[in-house]
Amino acid sequence: MFYSLAHRPARAFHRHYAPVVSNGALEKFLNDTFTSLSDAGAAKAASVEDQEKTYTLQLDVPGLAREQLDIGIEGDVVRVASKEDAPRKVKAAWRFPLEIDTANSSAKLENGVLTLTLGKKVPVSNVTHLDIQ
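Computed from a prediction, not measured in an experiment: that's the story for all the values here.

Q: Can you help me understand the side chain of Gln68 in this one?
A: Within the fold, Gln68 resides in the loop between β2 (54-60) and β3 (69-74). Only 2.8 Å separates the side chain of Gln68 from the backbone nitrogen of Ala65, close enough to count as a polar contact. If we skip the residues at most four places from it in the chain, Gln68 touches Gly63, Ala81, Ser82, Lys83, Asp85, Ala86 and Pro87.

Next comes the structure, spelled out in structure tokens:
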């Protein structure tokens, strides 16, 4: 006997599952990552230069004052975001090959261009040699 899907009664194929528990840290990471990746304006308005001891990151932020910007550095990730009271929203993140040395880093805002000079934290080798007796 041949059954056609057209003659079959419609059945619900979806099942109801318990909602996924919200994880605030994961949501923040995904929002930060996808927002910065999808924000084509920020991607076009930024440039990164890799020098021997530093990275230089330049980001166009016209119309914003230094008090309206927040720069966060955590390990090898640098985040730039505008504060709530800013007239324009900026939110972007960059991941670098080496961790950032915050003691040797600086930020400057001139004519709507934010320039971050980010010191590279040189990895220290923990290799120890043992003498054979």
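Next comes the rest of the write-up.
Q: What is the right way to look at the pairing of strand β6 (residues 100-110) in this model?
A: Consecutive side chains along a regular strand alternate between the two faces of the sheet. Sheet topology note: the β6/strand β7 (residues 113-120) ladder contains seven bridges and is antiparallel. When the bridges of β7 are listed, Ser106 appears paired with Thr117. Connecting β6 to the next strand, β7, in antiparallel fashion are two residues, including Asn111 with a positive phi near 50°.

Q: Sorry, what's going on with the sheet that holds strand β1 (residues 46-50) here?
A: Two pairing modes exist for strands in a sheet, parallel and antiparallel, and in both the strands are linked by backbone hydrogen bonds. The four strands lie next to each other as β1-β2-β7-β6, forming an open sheet whose pairing is antiparallel. With partners counted over all chains shown, the strands left at the sheet margins are β1 and β6, one partner each. For this sheet, the mean angle separating the axes of adjacent strands, direction not counted, is 15°. Two elements, β1 and β2, share five bridges in a ladder whose sense is antiparallel. When the sheet's bridge partners are listed, Val48 is paired in β2 with Leu57.

Q: Quick question: what am I supposed to make of unusual backbone geometry here?
A: For residues other than glycine, phi is negative in most cases, and the peptide bonds are mostly trans. You will see that Asn111, though not glycine, has its phi angle at about 50°, which is positive. Classification of Asn111 by relative accessible area gives exposed; the value is 82%.

Q: Help me out: how do you make sense of the pairing of β2 in this one?
A: With five of seven residues buried, β2 lies mostly within the body of the structure. One ladder, built from seven bridges, connects β2 with β7; its direction is antiparallel. Considered in β7, the bridge of Thr56 is made with Thr117.

Q: Mind showing me how you'd approach the sheet that holds β3 here?
A: Read from one edge to the other, the open sheet built from three strands follows the order β3-β4-β5, with strand pairing classed as antiparallel. If you trace the sheet from one side to the other, it starts and ends with β3 and β5 (91-95), each paired once. Strand-to-strand twist in this sheet, taken as the mean axis angle between neighbours without regard to direction, amounts to 10°. Examined bridge by bridge, β3 and strand β4 (residues 77-82) share six bridges and lie antiparallel to one another. The residue of β4 that forms the bridge with Leu69 is Ser82.

Procedures and definitions
- Residues numbered from 1 in each chain as written.
- Predicted model: local features only at pLDDT ≥ 70, side-chain atom pairs only at ≥ 80, totals over all residues.
- Heavy atoms only, no water.
- Helix = DSSP H or I, 4+ residues; strand = E, 2+ residues; numbered from the N terminus.
- Polar contact = N/O pair within 3.5 Å; in protein donor to acceptor, adjacent residues only side chain to side chain.
- Contact = heavy atoms within 4.5 Å.
- Pairing = 2+ DSSP bridges.
- Axes fitted to C-alpha atoms, helices over the stretch in contact; angles between N-to-C directions.
- Buried < 20%, exposed > 50% of the residue type's maximum accessible area, 1.4 Å probe, protein only.

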